Amino acid sequence: DPYAVFAMADGGMVLRKLLNMLYVTSPDAYLSRDGENVVVRVDGEDKFRMPIHNIEGIATFGYSGASPALMELCAQRGVALTFLSEHGRFMARVTGRVSGNVLLRRRQYRIADSEEESSRIASDIIIGKIVNCRTVLQRAVRDHGASICADEVRNASTALTDYLMGIVDNLPLDTLRGIEGAAANAYFSVFDHLILSNKENFFFHERNRRPPRDNMNALLSFLYTLLVHDVQAALETVGLDPQVGFLHQDRPGRPSLALDMMEELRPFLADRLALSLVNRKQVSPAGFQTLESGGVIMDDDTRKTVIKAWQERKQEQIMHPFIGEKIEIGLIPYAQAMLLARHLRGDLDGYPPFFWK
């Protein structure tokens, strides 16, 4: 199993292991406990089992049930158990007792209550997001310039650079949110040009969700669900409260800090994987279903294909630009959560966002 070593502020080291995420996509599945094992049963028959110490977290799609004994085991072992609808809408999350340094969380809350201090962290997050969006566009021009509308993509990339130049010190949060929204519109305005295969079924006219109304948006929304689950788990691991953010406003039931941090990670971790799955024809339009409401969902086989690609992607390695060590891509959320915690404790002057190079 892969490991990554992260330096901590006190000079010690923490060994972080990239474990398996268990995704349960069958609506007929029931999760139970057998000793120290997680067991997935369908119609009373054991279909899968795995020792709890090999599992990072469990996410169920549909209406899978879970026994109280399994919930207790997950809570004791620090394995988050998340229930999502078949569309990927968050329903509930079972976790154990709050861990980590209470002083860190108190510092987080004080900063979140300060417009000035929140805006500094929000600026770093938005800079990371825009830089990574621009890198997606620049790589598309470099790799596929002859087969896409390269001039339009370059113009969007230039616009993102202009938005970056507009992020200066002490901007109000509402101004920063406006810049982030404008940059996202510029990025997504040319996203359709990056789709190279099966354009009649996989197209992108605009970002839509709740529910997504086309195949590409359904794929992106599903990947964003997987990403926010991983980011939330990472924040909880380092002792931060994923509900209290700096860019996204507080709202009951919304993991605002997880949504903050995933902004800088979406272009590299989710958007590129979505494009790869479509351009390499790893997903088929037959795997997407339009509901009477107009929303689009993926069938069970397609979800499994996407989850498999997501898990394989997480095993790949990359040189982390700030830590300066090779780590598995799946550990990037943990590295960023650790760096944010170090900044909040005062060990780093600022929050270093993840930049994809």
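Above this text sits the structure in question.
Just so you know, these numbers come straight off a predicted model, no measurement behind them.

Cut-offs and rules
Per chain, the residues get numbers from 1 upward, laid out in the order the sequence is written. Given that the model is predicted, a residue must reach a pLDDT of at least 70 before its local features are reported, and side-chain atom pairs must reach 80 or more before they are shown or counted; all residues, however, enter totals for whole chains, interfaces and linings. Excluding hydrogens and water, the side-chain figures rest on all heavy atoms present in the structure. Salt bridge criterion: a side-chain nitrogen from Lys or Arg within 4 Å of a carboxyl oxygen from Asp or Glu. Think of it in three bands: residues with accessible area under 20% of the maximum for their type are buried, residues over 50% are exposed, and the middle band is partly exposed, with areas taken using a 1.4 Å probe on protein chains only. What counts as a helix is a DSSP run of H or I of at least four residues, what counts as a strand is a run of E of at least two, and both are numbered from the N terminus. Between the first and last residue of a helix there are one fewer steps than residues, each counted as 1.5 Å, and that sum is the expected span. Relevant arc is that of directions from the helix axis to the C-beta atoms, nothing else. Note on contacts: a residue pair qualifies if any of its non-hydrogen atoms lie within 4.5 Å across the two residues. Pairing between two strands requires that DSSP report at least two bridges joining them.

### Some details on the pattern of salt bridges
Link 1 in the chain: Using the criterion set out here, one finds 23 salt bridges in the structure.
Link 2 in the chain: When the shortest N-O distance is used, the salt bridge between Asp46 and Arg41 registers 2.7 Å.
Link 3 in the chain: Taking relative accessible area as the criterion, Arg41 reaches 31% and is therefore assigned partly exposed.
Link 4 in the chain: Note that Lys304 and Asp300 form a salt bridge whose closest N and O atoms lie 3.3 Å from each other. Here Asp300 and Lys304 lie together in helix α8 (residues 300-315), a separation of four residues that amounts to about one turn.

### Considering helix α4 (residues 150-165)
Link 1 in the chain: The end-to-end C-alpha distance of α4 is 23 Å, a good match for the 22 Å that 16 residues give at a rise of 1.5 Å each.
Link 2 in the chain: Regarding α4, the residues found buried are Ala150, Val153, Ala156, Ser157, Leu160 and Leu164. The buried residues of α4 occupy an angular sector of 125° when projected down its axis, which confines them to one face. The exposed residues of α4 that point more than 90 degrees off its buried face are Asp151, Asn155, Asp162 and Met165.
Link 3 in the chain: Where α4 is buried, its residues meet α3 (115-144) and α5 (173-189).

### Concerning the sheet that holds strand β8 (residues 65-66)
Link 1 in the chain: Strand order in this open sheet of four strands is β6-β5-β4-β8, and the pairing throughout is mixed. Two strands in the sheet have a free side with no partner beyond their single neighbour: β6 (45-51) and β8.
Link 2 in the chain: Bridge count for strand β4 (residues 29-34) against strand β5 (residues 37-42) is six bridges, and the pairing is antiparallel. Within β5, the residue paired with Ala29 across the bridge is Val42.

### Structural notes on the environment of Phe288
Link 1 in the chain: Secondary-structure assignment places Phe288 in strand β11 (residues 288-290).
Link 2 in the chain: On the basis of relative accessible area, Phe288 is assigned to the buried category, the value being 10%.
Link 3 in the chain: Sequence separation between Phe288 and Asn201 is 87 residues; the distance between their C-alpha atoms is 9.8 Å.
Link 4 in the chain: Setting aside residues up to four positions removed in sequence, Phe288 forms contacts with Phe202, Asn215, Ala218, Leu219, Val283, Val296, Ile297, Met298 and Thr302.

Purely geometric stuff here, so don't read any function into it on its own.
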